[in-house]
Amino acid sequence: MKFFIDTADIKEIAALSETGLVDGVTTNPSLVAKAGGDFIATVKEICKLVKGPVSAEVTATDFETMLAEGNKLAAIASNVAVKVPLTPDGLRTCKALSDQGVMVNVTLCFSAAQAILAAKAGAAFISPFIGRLDDVGQNGLELIGEIVQIYGNYTDLKTEVLAASARHPIHVVECAKIGADIVTLPPNVLRMLYKHPLTDKGLEAFLADWQKTGQSIL
Ligand code: E4P
């Protein structure tokens, strides 16, 4: 399973890319607003830091303007994935950009039916939002399972399932069990994945015992 980082914070992306675990980045208008700074310059900078797909979202809602915005974003770097919302105009934009060879991430997906439409429109990625479904009392992980199963029925289908709106490590582990292609992680969730109290306790004991030997490896 690939890990994307869900932030527009350049410092965070630079720090986390040093882990060697980051395969891409997702941003959205809210994350850009939170990080501050110029959007185009931010996307350019992120694309230099991370070689994998970097999602940058259009903000228009009509086809013509979305397409123009999408082309502008795609021109920033070859690893930009233009993000469009799951609306009729968004999917029309997805089809047009995909036909031009541009990677498109279809976002704000909350149903399997929507995911089928995105795949038909040639999306490189479909982003079902797990956490936001959980927030309204629906099961976000069930949707990931449904989409993985449906896409798995069509071997020629190239759309990858990018599980978004992940809130905690259990979402990540369950997505891996289900077979999601990618999960996008807020920086704090990626950091949480490392943690286990027995790891900390075990390391503390090993280091204390090692000190007693009086030796040094280097
Ligand atoms: C990423 O592509 C999504 O925009 C993001 O994961 C949404 O996360 P949120 O539901 O925590 O805002």
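All of the points below concern the structure found in this document.

Thresholds, definitions, all that
Residues numbered from 1 in each chain as written. Predicted model: local features only at pLDDT ≥ 70, side-chain atom pairs only at ≥ 80, totals over all residues. Heavy atoms only, no water. Axes fitted to C-alpha atoms, helices over the stretch in contact; angles between N-to-C directions. Helix = DSSP H or I, 4+ residues; strand = E, 2+ residues; numbered from the N terminus. Parallel < 35°, antiparallel > 145°, perpendicular 65-115°, else oblique. Left-handed = near helix turned anticlockwise from the far one by under 90°. Contact = heavy atoms within 4.5 Å. Near = heavy atom within 4 Å. Polar contact = N/O pair within 3.5 Å; in protein donor to acceptor, adjacent residues only side chain to side chain. Areas by Shrake-Rupley, 256 points an atom, 1.4 Å probe, with all protein chains shown as cover. Nonpolar A, V, L, I, M, F, W, Y, C, P; charged D, E, K, R; others polar.

Things to note about the packing of helix α6 (residues 112-120) against helix α8 (residues 140-152)
Part 1 of the reasoning: Following both chains from N to C, one finds α6 and α8 inclined at 40 degrees, their axes separated by 9 Å at the closest point. The orientation of α6 with respect to α8, classified from their angle, is oblique. Note on packing geometry: the crossing formed by α6 with α8 is right-handed. Residues A112, A115, I116 and A119 of α6 pack against L143, E146, I147, I150 and Y151 of α8.

Here we look at the site of the ligand
Part 1 of the reasoning: In the vicinity of the ligand, the residues found are D6, T26, N28, K83, F129, R132, A164, S165, R167 and T184.
Part 2 of the reasoning: Within the side chain of D6, an N or O atom sits 2.5 Å from an oxygen atom of the ligand.
Part 3 of the reasoning: For the ligand, an oxygen atom lies 2.7 Å from a polar atom in the side chain of K83.
Part 4 of the reasoning: Protein contacts shield 85% of the accessible area of the ligand, which totals 340 Å² for the unbound molecule.
Part 5 of the reasoning: Its residues placed into classes, the shell around the ligand shows two nonpolar, four polar and four charged.

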